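# Structural features, examined
Chain by chain, the residues run as shown.
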Amino acid sequence: MNSTFYIVIIRDALARRRRLVINNIIIVMGFTTKIEKNTTLTESITLRASVEEPSTNSKTMSSSTTPTPPINEEEVAAVSNNDTPQASSSSQPPGKIQRTLSISEQATALSTRRLTPPFLLKWLEYPFRVKNNQTHQYLEEATGHSMDVAARGPINQTGSFVGSVMIRMAVKQAGGPNNTVYGIRASSVLTVGSLIVGIVAGVTMPIVGSFVDHTNHRKVMGAVSALIIVLAVGLQMMINEDTWFTVFILEIIGGYFLIMHQVCTMAYLPDLTHDLSEMGHYTARLMMNQYFVQGIFTSLVVLVGYTKPGFSNLNTAVLAAGLATGIGAVLFGYSWTFLFRKRPKLREVPPGDNLVTTGFKRLIVTTKKVFSKKEYKALKWFMIALLFSPEAGAGIILAIAVTFLTVFVNMQAREIAVVSLTMLFANIPGAYLSKRMCRWVNPLNSFRMAEVLFAFINALLAATVQGSTQKDKNLVYFYAAMIGIAFGWMFPSQRTLAVAIMPKGQEFEIMGLISFYGQILGWAPAFVFTALNENGISMRWGMGSVSFFLMASCFFTFFCGDFNQAVANVAHTSDEYLNEYSRKSGADLSSGVDLPGTYVDENGNYSTRKMEEGEVEEEEDKEHATNTTTDEIAA
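These lines cover the structure that appears in this document, whether it is placed above or below. (Residues numbered from 1 in each chain as written. Predicted model: local features only at pLDDT ≥ 70, side-chain atom pairs only at ≥ 80, totals over all residues. Heavy atoms only, no water.)

### Some remarks on a nonpolar patch on the surface
Where nonpolar side chains cluster on the molecular surface, the patch consists of Phe292, Ile296, Leu300, Leu323 and Phe425 and spans about 420 Å² of accessible area. Per element, the largest residue contribution to the nonpolar patch is 3 residues, and it comes from helix H10 (residues 276-307). Following the sequence through the fold, Phe425 ends up in helix H15 (residues 413-440). Phe425 gets classed as partly exposed once you look at its relative accessible area, which sits at 36%. (Patch = residues over 30% accessible without salt bridge, like charges linked within 9 Å, V, L, I, M, F, W, Y side chains within 5 Å. Areas by Shrake-Rupley, 256 points an atom, 1.4 Å probe, with all protein chains shown as cover. Salt bridge = Lys/Arg side-chain N within 4 Å of Asp/Glu carboxyl O. Helix = DSSP H or I, 4+ residues; strand = E, 2+ residues; numbered from the N terminus. Buried < 20%, exposed > 50% of the residue type's maximum accessible area, 1.4 Å probe, protein only.)

### Quick look at the packing of aromatic side chains
The final tally for this structure, using the stated rule, is 21 aromatic pairs. Ring centres 5.1 Å apart and planes at 65° place the aromatic pair Tyr334 and Phe338 in the edge-to-face group. A residue pair is termed a helical-turn pair when its members lie 3 or 4 positions apart in one helix, as Tyr334 and Phe338 do in helix H11 (residues 313-339) at 4 residues. Per residue, the accessibility class of Tyr334 equals that of Phe338, and both read buried. Grouping aromatic residues by their ring pairs yields a cluster made of Trp381, Phe388, Phe555, Phe556 and Phe559. Between the NZ or CZ atom of Arg129 and the centre of the ring of Tyr126, over which it lies, the distance is 4.3 Å. Here Arg448 stacks its cationic end above the ring of Phe558, 4.3 Å away from the centre of that ring. (Phe/Tyr/Trp six-rings, centres within 6.5 Å; stacked < 30°, edge-to-face > 60°. Lys NZ or Arg CZ within 6 Å of the ring centre and 35° of its normal.)

### Considerations on the packing of helix H16 (residues 442-464) against helix H20 (residues 539-557)
Geometrically, a packed helix pair is captured by the angle between its two axes and the distance between the axes. Direction vectors running N to C along H16 and H20 enclose 160°, while the axes themselves pass 8 Å from each other. It follows from the interaxial angle that H16 and H20 lie roughly antiparallel. Crossing of H16 over H20 shows left-handed handedness. Contact with H16, carried on its side by Leu444, Phe447, Arg448, Glu451, Val452, Phe454, Ala455, Asn458, Ala459, Leu461, Ala462 and Ala463, involves Arg540, Met543, Gly544, Val546, Ser547, Leu550, Met551, Ser553, Cys554 and Thr557 of H20 and no other residues of that element. Across the contact of H16 with H20, the residue classes tally to 14 nonpolar, 5 polar and 3 charged. (Axes fitted to C-alpha atoms, helices over the stretch in contact; angles between N-to-C directions. Parallel < 35°, antiparallel > 145°, perpendicular 65-115°, else oblique. Left-handed = near helix turned anticlockwise from the far one by under 90°. Contact = heavy atoms within 4.5 Å. Nonpolar A, V, L, I, M, F, W, Y, C, P; charged D, E, K, R; others polar.)

### A short note on the pattern of salt bridges
Inspection of the entire model under this criterion finds 7 salt bridges. For Asp148, the salt bridge identified is with Arg152, shortest N-O distance 2.8 Å. Note that Asp148 and Arg152 are positioned in helix H6 (residues 140-174) at a spacing of 4 residues, about one turn of the helix. The exposure class of Arg152 is buried, given its relative accessible area of 9%.

### Concerning the environment of Phe408
Its place among the elements puts Phe408 in helix H14 (residues 394-408). Contact partners of Phe408, with chain neighbours within four places excluded, come to Thr403, Val465, Gln466, Gly467, Ser468, Ser538, Met539 and Arg540.

### Observations regarding H15
Along its 28 residues, H15 runs 40 Å from first to last C-alpha, staying within 8% of the 40 Å computed at 1.5 Å per residue. In H15, a bend of some 25° at Asn427 exceeds every other bend along the element, and Pro429, a proline, comes one to four places later. (Expected span 1.5 Å × (residues − 1). Bend = angle between axes of the 7 residues up to and from the residue.)

### Points about the packing of H10 against helix H17 (residues 470-501)
Packing of H10 against H17 leaves a shortest axis separation of 9 Å and a crossing angle of 145°. The crossing of H10 and H17 is right-handed. Where H10 approaches H17, its residues Leu276, Met279, Gly280, Thr283, Ala284, Met287 and Tyr291 are matched on the opposing element by Phe487, Gly488, Phe491, Pro492, Arg495, Thr496, Val499 and Ala500.

### Things to note about the nonpolar core
A general tendency of soluble globular proteins is for nonpolar side chains to be buried together. Core analysis: the largest hydrophobic core is formed by 71 residues, its most contacted members being Phe382, Phe404, Leu405, Ile501, Ile514 and Phe563. By residue number, the principal contributor to this core is H17, which donates 13 residues. The residues touching Ile501, leaving out its near neighbours within four places in the chain, are Ala378, Leu379, Phe382, Phe563, Ala566 and Val570. If you look at the next biggest cluster of nonpolar residues, it comprises 59 residues, including Leu124, Ala201, Ala324 and Leu339. (Core = buried A, V, L, I, M, F, W, Y, C linked by side-chain atoms within 4.5 Å.)

Spelled out as structure tokens, the structure:
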């Protein structure tokens, strides 16, 4: 009798255990039906937790993010340990991620993927991937931005090598730095070239903006400008005493299309996310990646220059141009072929107008709108501040610095490369500092602080570097590190600020306007430097004048008002832009139906197919069955 009793107990226990296991499997299946493709339950819960983690400025951007119910940690723990979970108070099981898709996420999801990188080339993008700091997922266009800025870094740096050699050849042809060649002092050649680029770009950018804004060719413009940049840099390898003026022309062409390309790329930047903390993370990481690649590039050039006997300034410039051409061809080619997506045109050309006239008319209309509407007060004063800030004029500051170091401090190309290298590696902690400061004190205050630091260090350099002794050169190296931190801090903060306070849906139009304002007086530092030099005034004064422009820019930012209020004034445009883009691209998100697969995984997989009515009902039935089963187990 006792043996029979124990057999019955064991049999009943096994039966209960089997039913419990089956029910737990049903629960897990119910949970996982809510999880996107290629995402495990644990990964999904992690994603939800990261999405719901509050950020410093989450209130200001709440309109672009759909809230998700809290995770029942006891229920999750019970599932993972095969214990009986308690009844969930949430009407929605864990694992379902609700988050409004950004424009870049929609564009990637809706892509036909006719141009997919071959398997053997896929590895190229892995070092440049940037994770979203909240979803912890990769986005293809974020990777594209990373590869693009990494290509621009060496190309920008090549200008210092080639520019230094170009000045020396002009001085040699003229017979001295104070003698004239082609009507200007030989020592002013580089800054005059930057002056030409700035003025021409300022006049023609409205036309470029109109062409991209009113056509479907934003991606084409970015790709074509990248191609011309690579060709212009590659042809600079032919520099010598007979061809330096031809290279000077190529430098102007490359500089112009670099500005055009930057405008095209910046138009894609706000599409990555409408969340301020995510944008601050992206801009900082992109700048860090650019400086890191640029630093490696410069290190290679310097290493070859110092280890190979008889390696002249000319050899250094040719090596730099060749390496930059190869890097640019690979990274530009991959990113603009496989990662950046097409965009529908934002608006039609008005009747009776054409792309040329429309560009200038839109510039006038947009300027009036920005300057007349109260909600755009911060954007108005920010653009006025850009008249003096070296955003688009960063290349002009590089031209001034190279001229100052070559002629006044008498540095060789390799020594200037060491200065650049010091700045570049200092840029990385500066970009990281920008990311932190944008959270701690908001992007507007972060931008101001970086400008003040930059102006102060530059003024010290102009005041204390008095000649070409070794002591002066050592001071230059020290100040290069400090300026590198300020430079790396300033630009990510400036980009984050621009994206935060501009109305959404007008990114290219506003970016074109910002670029235009940056070019209106972007050439002014080079003009002041050249004018002083042409009149025989010491280059120290010309170098110090850069601090005046930086402080003037900082002064005008104090009229922007409260940053949080400025963001709130344009917050409504985020949802409007998302819905408009979804309508034009064929993925209408305004219906209220969730799109599964909000995120892209490490393999670039997306799934944003809208669920049909029957599928929605099926999802609701599964959810109901899961909740019922949970209640039965709890009972």
